[in-house]
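# Understanding the architecture of this molecule
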Amino acid sequence: MSWKQVEILKSLLAKETGYTIKGGQFKFALTYPNYYRVGMSNLGLHIIYQLLNSRADTSCERFFLPEEKIAAEIERSNSALMSLETQTPLNQFQFIGFSISFEQDYFNAVKILKLGKIKIRAAERTNLDPILIAGGPCATFNPAPLTAIFDAFVIGEGEVILPPLMDVLTANQNLSRVDLLKKISQVEGVYVPAVREEGLGKREEVKRQYVKNLDEYPAHSVIITDDTEFNMYLLETARGCGRHCRFCMAGYCFRRPRNRSLETLQAEIDAVLGKREEGTGKSKNSSLLTPHSSLNKKIGLMGAAISDYPQINELCKYILDADLKMSVASFRADSVTAELVDALAKSGLKTLTVAPEVGSEKMRRVTNKGITEENVFTAVKLGVDAGIKNFKLYFMIGLPFEEMQDVDAIAELVIKLKNFVPEGKFTLSVNPFIPKPFTPFQWSAFADKKYLQSALKNLRGKLKKFRDVEIISESLKSAKVQAILSRGDERLAELVAQSDSPQKFMELFKAAGLDENFYLGAKSFDDVLAWDVINQGVTKKYLWQEFERAAEFKYTPPCFDGCKRCGVC
């Protein structure tokens, strides 16, 4: 046994409130393929943890990627990765679920399975081995590169898929592995690659499932700890975005836009503070509300664009009136309000984050971002008026139809902003655009390395004289790996199963003689795409029309009631 691992796990648990240790006939390992601090900042993990532990027959415990020193000790001692709650080895759980948000975490998933002494390949697991399930954005958008590892994929939102999936899994434990996979392949929103490949099931396409009424499903932090990236109590205001930004996977895959009612959010805040008994809100799942009367944290509002929430000013006032501070995941420059920025400043915010994404009017039309240069200046001015002098700006380079003069426009915009706020400090996060499935830009190429290098050099050169302007950028090698995996097919699945690092993956990729251009280059409408087996609701025809509109620099208005354009509604 790795006693150091046990010591660290118990130390982490001692700092938490709200965790669950319970009996249950079935043991579910909820796994986040990154470090504890990162995983505990993921709201989806909290939601699924409480959803599974609300079942009388299921005990859900958490697993995270251990730090390198601990991983090395686990290997040296020939022990296995253990759960946080009861320090139970991973290989003693019947079901193992991974929440996968980022392509780079594929390799961490492999590390965790190795440390947990779980057979990596689904084809090698027997009736005595656990069932492995993947959920989260990556599983929903393109499961193909992970099909060698996972038995099943949750396509969509767990609240509506996991209950029926668990019902089938727990009711059919007497079946063989093959027959059990056949059974779960019939659950709406569950994709089982082996069943489809062998013709064992009738489903040709798996339709994404999503929550229709968010008020019925509370979504907030369940476990409180200081050991997180954000160190705040997370509260989800909305899901989805109807803005039609053509690069944004979340915007297309989480349609339609859905808001929680102000009354429900107020009830959740009251429950958090112990002011209101559980069950007095509108949630039909009120048992999932967790009171934390000793809470002394910021409320972190989560959503695709917090400033788009229809009653954001009223919500800000309610939080501040409760003597709480607040923060936001993101907001849009064209819908941000003075009340929101003031509330953030009063909560101690020192840096205001804005995502112009591009610098030129042409590229604003290409991306359909829907904000103007004036909107960006207005957002910055609201920050200055509230006493904020630090700004973080997000930009992309290498977008479809982009030219170097569009990169110059980024520098020009930043110079204007710097002149507008001479005393302000600006941090620019500038990263390569990565084509994502189920977006109008899914057919676009990942930009050439030389172009990206020239664009970054050009940008740095134009801004180097400004001492208070800093540019940070992800490595091009890392972006390239993400781009390959993002649109990867099942030929990559075996390579991923053998890779515990991006470097190892690229070594295997080259050794396999695969064509980089196939994964990184432009695609045509008639090409068969690895993710065509998934039905997100948005039609392929609509996405192609949007790609053509981008080429023509045409604007597409946001979602509206009664709209039938994209297919989701």
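Residues numbered from 1 in each chain as written. Predicted model: local features only at pLDDT ≥ 70, side-chain atom pairs only at ≥ 80, totals over all residues. Heavy atoms only, no water.

### Focus on the pattern of salt bridges
Selection criterion: Counted as salt bridges are all cases of a side-chain nitrogen of Lys or Arg within 4 Å of a carboxyl oxygen of Asp or Glu. Each helix is a run of DSSP H or I of at least 4 residues and each strand a run of E of at least 2, with the numbering of both proceeding from the N terminus. Accessibility here uses a 1.4 Å probe with only protein chains present; expressed as a share of the type maximum, an area under 20% marks a residue as buried, one over 50% as exposed, and anything in between as partly exposed.
By the definition in use, this model includes 40 salt bridges. Here Glu236 ties to Arg260 by a salt bridge, and the two come within 2.7 Å at their closest N and O atoms. Of this pair, Glu236 sits in strand 8 (residues 232-236) while Arg260 is found in the loop between strand 10 (258-259) and helix 11 (262-273), placing the two residues 24 residues apart along the sequence. Taking the relative accessible area as the measure of exposure, Glu236 reaches 10% and is therefore buried. Of the residues examined, Arg260 reaches a relative accessible area of 2% and is grouped as buried. With a closest N to O distance of 3.3 Å, Glu361 and Arg365 form a salt bridge. Of this pair, Glu361 and Arg365 are both found in helix 14 (residues 361-367), four residues apart, which corresponds to roughly one turn of the helix.

### Overview of helix 7 (residues 158-171)
What sets the pattern is the α-helix's 3.6 residues per turn: residues three or four places apart point alike. For clarity, the cut-off: Between the first and last residue of a helix there are one fewer steps than residues, each counted as 1.5 Å, and that sum is the expected span.
Given a rise of 1.5 Å per residue, 14 residues ought to cover 20 Å, and the 19 Å separating the end C-alpha atoms of helix 7 matches this to within 8%. Residues of helix 7 that are buried: Gly158, Glu159, Ile161, Leu162, Leu165, Met166, Val168, Leu169 and Thr170.

### Focus: the sheet that holds strand 13 (residues 351-357)
What counts, and what does not: Strand pairing is defined by DSSP finding a minimum of two bridges between the two strands. Every axis corresponds to a line fitted to the C-alpha atoms, with the helix fit spanning only the stretch in contact, and the corresponding angles, defined between N-to-C directions, vary from 0 to 180 degrees.
Across the sheet, four strands lie side by side as 13-14-15-16; this open sheet has parallel pairing. The strands lining the two open edges of the sheet, one partner per strand, are strand 13 and strand 16 (469-472). Across the sheet, the axes of successive neighbouring strands diverge by a mean angle of 20°, strand direction being ignored. As paired elements, strand 13 and strand 14 (residues 390-397) share five bridges and run parallel to each other. From the neighbouring strand, Thr353 faces strand 14, where its bridge partner is Lys392.

### Focus on the environment of Tyr555
The condition is simple: Any pair of residues with heavy atoms lying within 4.5 Å of one another is described as a contacting pair.
Within the secondary structure, Tyr555 is located in the segment after helix 22 (540-551). For the pair Tyr555 and Arg365, spaced 190 residues apart in the sequence, the C-alpha separation amounts to 5.8 Å. Leave out the neighbours within four places in its chain, and Tyr555 touches Arg246, Asn368, Gly370 and Arg549.

### Digging into the confidence of the model for the chain
How we decide: Confidence scores here are pLDDT values: one per residue, from the predictor, ranging 0 to 100.
The pLDDT averaged across the chain works out to 93; a share of 95% of its residues lies at or above 70. Long-range and interchain partners of residues 278-284, a stretch whose pLDDT sits below 50, account for 18 contacts in this model, where long-range means more than four residues apart.

### Some remarks on the packing of aromatic side chains
Which entries qualify depends on this criterion: We call Phe, Tyr and Trp rings a pair once their centres come within 6.5 Å, taking the six-membered ring for Trp, and we label the pair stacked below 30 degrees between planes, edge-to-face above 60, and tilted otherwise. The rule for a charge over a ring is simple: NZ of Lys or CZ of Arg within 6 Å of the ring centre, and within 35 degrees of the ring normal.
Within the structure shown, the criterion is met by 22 aromatic pairs. Between Phe98 and Phe150, the aromatic rings sit 5.4 Å apart at their centres with planes inclined by 70°, giving edge-to-face as the arrangement. Placement of Phe98 in strand 3 (residues 95-99) and of Phe150 in the loop between helix 6 (137-141) and strand 5 (152-154) is noted, with a sequence separation of 52 residues between them. Since its relative accessible area comes to 3%, Phe98 is described here as buried. Assessed through its relative accessible area of 1%, Phe150 is described here as buried. Ring centres of Trp544 and Phe547 lie 5.3 Å apart, and the angle between their planes is 35°; this geometry places the pair in the tilted category. Separated by three residues within a single helix, Trp544 and Phe547 lie in helix 22, roughly one turn from each other. A network of ring pairs unites the aromatic residues Phe401, Phe433, Phe441, Trp443, Phe525, Trp544 and Phe547 as a single cluster. Its guanidinium or amino end placed over the ring of Tyr210, Lys212 lies 4.2 Å from that ring's centre, counting from NZ or CZ. In this structure, Lys523 packs its charged tip against the face of Phe518, placed 4.3 Å from the ring centre.

### A short note on the packing of helix 3 (residues 43-53) against helix 7
The following threshold applies: For any helix crossing, the convention is left-handed if the near helix is rotated counterclockwise from the far helix by under a right angle, and right-handed if that rotation is clockwise. Here the term charged refers only to Asp, Glu, Lys and Arg, the term nonpolar to Ala, Val, Leu, Ile, Met, Phe, Trp, Tyr, Cys and Pro, and the term polar to all other amino acids, Gly among them.
As a packed pair, helix 3 and helix 7 sit with axes 11 Å apart at the nearest point and diverge in direction by 35°. Helix-helix and strand crossings are classified by hand; for helix 3 and helix 7 the assignment is right-handed. Across from Ile47, Ile48, Leu51 and Leu52 in helix 3, the residues of helix 7 making contact are Gly158, Glu159, Leu162, Pro163 and Met166. Along the lines of polarity and charge, the residues of the contact of helix 3 with helix 7 split into seven nonpolar, one polar and one charged.

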